[in-house]
Structure formats: C-alpha cells, structure tokens
Amino acid sequence: RAKARERSSWQRFDIAMVEQVTKRLAIEKDIRKGLENNEFIPYYQPRVDIRTGRVVGMEALVRWHKADGTVGNPGEFIPVAEETGLIVQLGERVLREACRQTRIWHSAGMDGLRVSVNISAHQFRANLVDMVFNALDESGIDPELLELEITESTMMSDLGQTVSLLERLAGRGILTAIDDFGTGHSSLYYLKTFHINTLKIDRSFVEDILNDENDANIVSTVISMAKNLSLQVVAEGVETQEQLDRLREYGCPEVQGFFYSRPVPADDFEIYVRKTNGW
Ligand code: C2E
Ligand code: MG
Ligand code: MG
Ligand code: MG
C-alpha cells in the first residue's frame, strides 16, 4: 500500500517535472523568436530628486510586446533568459536601445537625464565591458550618464572578477549601482572595496517604512551610511505620499516608484518628463 502510494506520488512528480520542462522549452523558443522579431522593448520609470521633484533620470525596464498583442513582464521571461544564456542578447538589445533613446532625448533638450540599465548575473560575467563600451560609442552618450544596476548576489559570486569589472567600468566613467540593496549578503567591507556609486534601497523596506520600526530604522541607517561613504542613494518602490514624506525626513536624496509613475513606453515617458521638468 505504502509502495503504491509512493509510486503514484512519484508519477505525479514526474508529470509535473515534464510539464515544467516543456513549458520552459516553449518559453525559450518564444524568446528566440521574440528576439528575431524585436519584441523586447525598454519601458522607462522616472527617478526623481526628492527636494525639487524634478526627474533626474530613468530606469530602463524591459517589456515583451508579443505578437498576440499581450505585454509580458520580466518576471515571466528573465529567469528563463538567464538560465539559457539568452539574457546576453536580450540585455544587449535593451542596453543599446536605452542608450540610443537617451541620446535622442539629450539632443531634444532633455539634457542631463541619466539612464539606468539592469544587468543580470550571466550578463555581468559575459562580455559586459565590451558590450557596454560599444553601446556608449554607438550612441555617443556621456559615460557619466549611464548607470548599470547590479544586485548584491551577482557581485558576490566572484569577488576578484567583480572588483576588476567595476574598476574597468569606473575607468571609463560609467556609474554602477547595487540594486535591491539589503536583500542579499551585503557586507560593509565590500561597500568600501567595490567601486560603486549608488545604493538602491529595496522596495521591501520602503513598503513597510510606516508600520515596521525595523524597516524604518534600516532605511534611515542606509541613507546615513550612504552619505558618509559618499554614495548616492535611491529608495525604490515609493507608492504613497506618506512614504515619500518619511523618506524626505530621513534625508533620502532620490526616489523612484508608482507614486510618480509606473514604467511606461518611451513616448509616454517623454510627455511625463516634459511636463514635470517644464521642458
Ligand atoms: P528591479 O531592477 O529591482 O526593478 C524594479 C521593479 O519594481 C520593476 O519591476 C518595477 O516595475 C517595480 N516597481 C517600481 N516601482 C514600484 C512601486 O512603487 N511599487 C511596486 N509594487 N513595484 C514597483 P519589473 O519591471 O517587473 O522588473 C522586475 C525585475 O526584472 C527588475 O527588478 C530587474 O531585476 C529585472 N529586469 C527588468 N528589466 C531588465 C533588463 O532589461 N535586463 C535585466 N537583466 N533584468 C531586467
Ligand atoms: Mg533595477
Ligand atoms: Mg531593485
Ligand atoms: Mg529586483
């Protein structure tokens, strides 16, 4: 009896596995086709100076404009793209397009806007430096206006290589940010060893900043620490006026979140920025 039960549970397990693998393979195939058809497009979310309310830059966040008219979010396809290595090609598209678009905005009088692009683990360990230098050359944007967002876990996996990659990027004047700061294995030692410019405080801390004393204390401590280390700091995921007020009280210089705008297509972003900055 126990045997029978065991076997049937294994069978169910097998079927679930096969289904999962099949689904992954289907997504992989779709991603390849999507790349061929140029279906991966960066949306932009504003980054705002908390004192002036002006837009100082934008984060490029990829969306998948599928042939069937639906729009896919990164959560659905970035993990598969990462596992299959397709992220290298996909990420390069996003980076080049974000740089090209930024250049167009600069030329159109939206001067000084910084662009942030997410770099996943696989991309970071691939031909990152060449890819980024090429995108800069091709677009002609000022390296100081490009920021790469890298998570803690990506940085921690090969410390020696991380240090040298960050040095090479910094050598060209490119900015780097630790994304989702506080959710990985942050170590104060690495904050002083790594050549980075910005800490992006993870949304999960901002979410509970009003109700959870620990989250509030963490956020205010990270902001002070960043200041003392001469790092820029951005709070992610600001959704309400109350959260914004609290961040202002803590001296947070820059913020990002649905309170200002969701990530939107380039045209909508331009309208938003022109209105907000009076351009
Ligand atoms: P992330 O870099 O931490 O980006 C922030 C995520 O939080 C975005 O989700 C954004 O839409 C969302 N967000 C921003 N403000 C708010 C808010 O106020 N409330 C809430 N609830 N959410 C907010 P998205 O666009 O779905 O991206 C998810 C993740 O996918 C990103 O996290 C990033 O790790 C990855 N990703 C996105 N685009 C790219 C890309 O081009 N390349 C790579 N490698 N990864 C990407
Ligand atoms: Mg990011
Ligand atoms: Mg983040
Ligand atoms: Mg994230």
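Residues numbered from 1 in each chain as written. Chains lettered and ligands numbered in written order. Predicted model: local features only at pLDDT ≥ 70, side-chain atom pairs only at ≥ 80, totals over all residues. Heavy atoms only, no water.

The chain goes by Two-component system response regulator in an unreviewed UniProt entry, where it is assigned to Desulfovibrio subterraneus.

Student: Kindly report on the site of ligand 1, identifying the contributing residues and their values.
Tutor: Neighbouring residues of ligand 1: 23 residues in total, closest Arg63, Asn118, Asp179, Glu239 and Phe258. Within the backbone of Phe258, an N or O atom sits 2.8 Å from an oxygen atom of ligand 1. For ligand 1, the accessible surface in isolation is 800 Å², of which the surrounding protein chains cover 82%. Among the cavities detected, the one that contains ligand 1 is the largest pocket. (Near = heavy atom within 4 Å. Polar contact = N/O pair within 3.5 Å; in protein donor to acceptor, adjacent residues only side chain to side chain. Areas by Shrake-Rupley, 256 points an atom, 1.4 Å probe, with all protein chains shown as cover. 1 Å grid on protein atoms, 1.4 Å probe; cavity = no way out; pocket = protein on both sides within 12 Å on 5 of 7 lines; lining within 4 Å. Sits in = over half its atoms within 2 Å of the grid points.)

Student: Tell me about the layout of surface pockets, and please be specific about residues and values.
Tutor: Volume-wise, the largest pocket comes out at about 950 Å³. In terms of lining residues, the largest pocket is bounded by 36 residues, among which Glu59, Leu61, Pro74, Asn118 and Asp179 are the most central. At the level of elements, strand 2 (55-65), helix 2 (74-84), helix 3 (87-107), strand 4 (114-118), helix 4 (121-125), strand 5 (146-151) and strand 6 (175-181) are the ones that each hand at least two residues to the lining of the largest pocket. Ranked by residue count, the leading element in the lining of the largest pocket is strand 2, at 5 residues. Tallied by class, the residues present in the lining of the largest pocket amount to 14 nonpolar, 12 polar and 10 charged. Counted as a void, the second largest pocket has a volume near 160 Å³. Taken together, Asn38, Phe40, Ile41, Pro42, Tyr44, Arg93, Glu97, Gln101, Pro265 and Ala266 make up the lining of the second largest pocket. Mapped by element, the contributors of at least two residues to the lining of the second largest pocket are strand 1 (40-49) and helix 3. By residue number, the principal contributor to the lining of the second largest pocket is strand 1, which donates 4 residues. (Points joined across faces, edges and corners; volume = space filled by probe spheres on them. Helix = DSSP H or I, 4+ residues; strand = E, 2+ residues; numbered from the N terminus. Nonpolar A, V, L, I, M, F, W, Y, C, P; charged D, E, K, R; others polar.)

Student: If you had to explain the coordination of the magnesium ion (ligand 2) to someone new, which residues and values would you point to?
Tutor: Distances from the magnesium ion (ligand 2) to its protein donors, namely Glu59 (OE), Asn118 (OD1), Glu149 (OE) and Asp179 (OD), fall within the range 1.9 to 2.2 Å. Between the magnesium ion (ligand 2) and the magnesium ion (ligand 3) the interatomic distance amounts to 4.0 Å, and Asp179 serves as a bridging ligand to the pair. Here the residue Asn118 occupies a position in strand 4, and Glu149 occupies one in strand 5, the gap between them amounting to 31 residues. Residue class for Asn118 comes out partly exposed when judged on its relative accessible area of 27%. In this structure Glu149 comes out as buried when scored by relative accessible area, which is 1%. (Donors = N, O, S within 2.8 Å, 3.2 Å for Na, K, Ca; no water. Buried < 20%, exposed > 50% of the residue type's maximum accessible area, 1.4 Å probe, protein only.)

Student: So what's going on with the packing of aromatic side chains? Residues and values would help.
Tutor: Applying the stated criterion across every chain, the model contains 9 aromatic pairs. Ring geometry for Tyr44 and Phe269: centres 6.0 Å apart, planes at 45 degrees, overall tilted. Taken together, the positions of Tyr44 in strand 1 and Phe269 in helix 12 (residues 266-277) put the pair 225 residues apart, joining distant regions of the chain. The buried category is assigned to Tyr44, whose relative accessible area is 1%. Taking the centre distance of 5.5 Å and the plane angle of 80 degrees together, the rings of Trp64 and Phe77 count as edge-to-face. Here Trp64, found in strand 2, pairs with Phe77, found in helix 2; they are 13 residues apart in sequence, far enough to count as distant. Judged on exposure class, the residue Trp64 and its partner Phe77 are both buried. Grouping aromatic residues by their ring pairs yields a cluster made of Phe40, Trp64 and Phe77. The ring of Tyr43 is capped by Arg63, whose NZ or CZ atom sits 5.7 Å from the centre of that ring. Over the aromatic face of Trp64 sits the side chain of Lys66, whose NZ or CZ is 4.9 Å from the ring centroid. (Phe/Tyr/Trp six-rings, centres within 6.5 Å; stacked < 30°, edge-to-face > 60°. Lys NZ or Arg CZ within 6 Å of the ring centre and 35° of its normal.)

Student: Before we move on, could you go through the coordination of the magnesium ion (ligand 3) and cite the residues and values that matter?
Tutor: Taken together, Asp179 (OD), Asp180 (OD), Glu236 (OE) and Glu236 (OE) make up the full set of protein donors to the magnesium ion (ligand 3), lying 2.1 to 2.5 Å away. Using a relative accessible area of 11% as the deciding quantity, one classes Glu236 as buried.

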